[in-house]
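Here is how the chains run, residue by residue.
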Amino acid sequence: MSFLKKSQIKSPWLMHFDCGSCNGCDIETLACLTPVYDVERFGIINVGNPRHADVLVVTGTVNPRNAVILKNIYDQMPTPKLVIAVGACGCTGGVFRDAPNVLGGIDKVIPVDVYVPGCPAKPEAIMDAVVTGLAKLKGILEESK
Amino acid sequence: MASLASDVLLAAGGDVLMCFFIQAASACFVALGAFSGSSPYSKLGAQRELFQMLSYEPIFLVCVLCMAKASGGFDAYSMMNAGAQPLLYKMPLIIPGLVFVLLVKMRKSPFDIAASHHMHQEVVRGVYTDYAGRDFALLEIAHWADVVVILWVTSFLWATGPLQMLAVALVALFVVIVIDNISARLTWRHMVKVAAPLALILATANLLWLYLE
């Protein structure tokens, strides 16, 4: 693997999008950045710009209004990209799956690489999902050469 | 490429003034690229980048002129072999200016006005907003090349040996990180009206003192 591809796996920058979550999973996602878990020591940076992100972390259910925004953010990210669905709502729609305005999990709109179960998902599980996702990204990069 | 070229120029003992102009050109190109992007954040960041350049470039130029006057030549080798007495004794007043230039070039608080390391900024990533993928990765590398240039020029202040130069660079880096951690971001107005003129006046006073000596 080339130097650039290797470094891409070593330092994933991720973007967090709250797709109508109750904020439970958002708090757990942001907890990964606090001194207790501190993912920045692994080179993982939470960025505010989809054009800089390698990984999209999405929490919450999708509804017709935010589905457009979710798709837009996904399209703005450069390839290769990873999508991680966090929490029961992000995976399947959770307890809100039968609500009239809910489309379901985020895989109804964009392809998802890793699902993180839990209500809310634990920070350890979210970090594990990023590591699992990076193994998948490594596979994609190796295939692309 | 321009940033790396200025590194190579310093390593080859080339003209420090030329090195200064090359790194200024590389900073211009980044702003130019950001202006041609479609994002308003990118354009705002580019405007602020120009304000930053307006502030730090004259100070950096005066610092280089001071070093050239004291060491008797513009090439990096003559500054590195300036004699037994380190240049620092002849130019204590350029220290605030060099720290200011370092803070701006390393995009550290209080002068991370055009682009910040973190996402929680009013202009997202400012001048870098519209860069993506491999181009953005190259820009990150170029940023570090720029930092090496400025630290290298700073290390001329105590160029009695390679280890001493490395120590000066590390001390400068440490000072910048301490200031970054204890200060909040200033506005560009404060930078252009207060911080930059003060540093420039001090550095110019040092230059005049060297000429009148």
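The structure under discussion appears in the preceding block.
Residues numbered from 1 in each chain as written. Chains lettered and ligands numbered in written order. Predicted model: local features only at pLDDT ≥ 70, side-chain atom pairs only at ≥ 80, totals over all residues.

Draft legend 1. Just the overall build of chain B, in detail. The number of helices and strands found in chain B is 8 helices and 0 strands. Reading chain B from its N terminus to its C terminus gives the helix and strand order α-α-α-α-α-α-α-α. C-alpha atoms of chain B, sized along the principal axes, occupy 50 × 35 × 25 Å. Of all 213 residues assigned to chain B, the portion counted as buried reaches 43%. Of the contacts formed within chain B by residues at least 6 apart in sequence, a portion of 73% connects residues at least 24 apart. (Helix = DSSP H or I, 4+ residues; strand = E, 2+ residues; numbered from the N terminus. Buried ≥ 20, exposed ≤ 12 C-beta atoms within 10 Å, placed from the backbone. Contact = placed C-beta atoms within 7 Å.)

Draft legend 2. Region of interest: the overall build of chain A. Across its full length, chain A carries 5 helices and 5 strands. Across chain A, helices and strands are ordered from the amino to the carboxyl terminus as α-β-α-β-β-α-β-α-β-α. Here chain A has a C-alpha radius of gyration of 15 Å; the compact-globule value for 145 residues is 15 Å, and the two agree. Seen through its principal axes, chain A has C-alpha atoms that stretch 50 × 35 × 25 Å. Considering chain A as a whole, with its 145 residues, one finds that 40% of them fall into the buried category. Restricting the contact set of chain A to residue pairs at least 6 apart, pairs at least 24 apart contribute 80%. (Rg over C-alpha atoms; globule rule 2.2 N^0.38 Å.)

Draft legend 3. Layout of the sheet that holds strand β2 (residues 45–46) of chain A. Residues and elements named next belong to chain A. The sheet built from 5 strands is open, its strands ordered β2-β1-β3-β4-β5 with parallel pairing. Two strands close off the open sheet at either side, each with one partner strand: β2 and β5 (114–116). In this sheet, strand β4 (residues 82–86) lies alongside strand β3 (residues 55–59) in parallel orientation, the contact comprising 5 bridges. In the sheet register, Val55 faces β4, and the bridge partner there is Leu82. Relative to the sheet, helix α2 (residues 24–31) contacts β1 (13–18), β3 and β4, its axis offset from that of β3 by approximately 145°. Relative to β4, helix α5 (residues 123–144) is tilted by about 155°, and along the sheet it contacts β3, β4 and β5. (Pairing = 2+ DSSP bridges. Axes fitted to C-alpha atoms, helices over the stretch in contact; angles between N-to-C directions.)

Draft legend 4. Helix α6 (residues 133–155) of chain B, seen in detail. For α6 of chain B, which comprises 23 residues, the first-to-last C-alpha distance of 34 Å matches the rise-based estimate of 33 Å (1.5 Å per residue) to within 8%. Considered for burial, the residues of α6 of chain B that qualify are Asp146, Val149, Ile150, Leu151, Trp152, Val153, Thr154 and Ser155 of chain B. (Expected span 1.5 Å × (residues − 1).)

Draft legend 5. Up close: the nonpolar core. Grouped together as the largest cluster of nonpolar side chains are 59 residues, with contacts concentrated most on Ile59, Cys63, Val64, Cys66, Met67, Val101 and Ala203 of chain B. If you look at the next biggest cluster of nonpolar residues, it comprises 34 residues, including Cys19, Ile44, Leu134 and Leu137 of chain A. (Core = buried A, V, L, I, M, F, W, Y, C linked by C-beta atoms within 7 Å.)

Draft legend 6. Looking closely at unusual backbone geometry. Backbone torsion omega between Thr79 of chain A and Pro80 of chain A reads -5°, so that peptide bond is classified as cis. In this structure, Pro80 of chain A sits in the loop between α3 (64–76) and β4. Going from Ser109 of chain B to Pro110 of chain B, the amide bond is cis rather than trans, its omega being 0°. Looking at the element boundaries, Pro110 of chain B is found in the loop between α5 (95–105) and α6. Residue Asp38 of chain A is not a glycine yet carries a positive backbone phi of 50°. Relative to the helices and strands, Asp38 of chain A resides in the loop between α2 and β2.

Draft legend 7. Spotlight on α5 of chain B. Residues and elements named next belong to chain B. With respect to burial, α5 is a largely interior element, 8 of its 11 residues being buried. All buried positions along α5 are accounted for by Gly97, Leu98, Phe100, Val101, Leu102, Leu103, Val104 and Lys105. For α5, the elements touching its buried residues are α3 (40–71), α6, α7 (162–182) and α8 (188–212). Looking one or two residues beyond α5, the residue adopting positive phi is Arg107, at roughly 55°.

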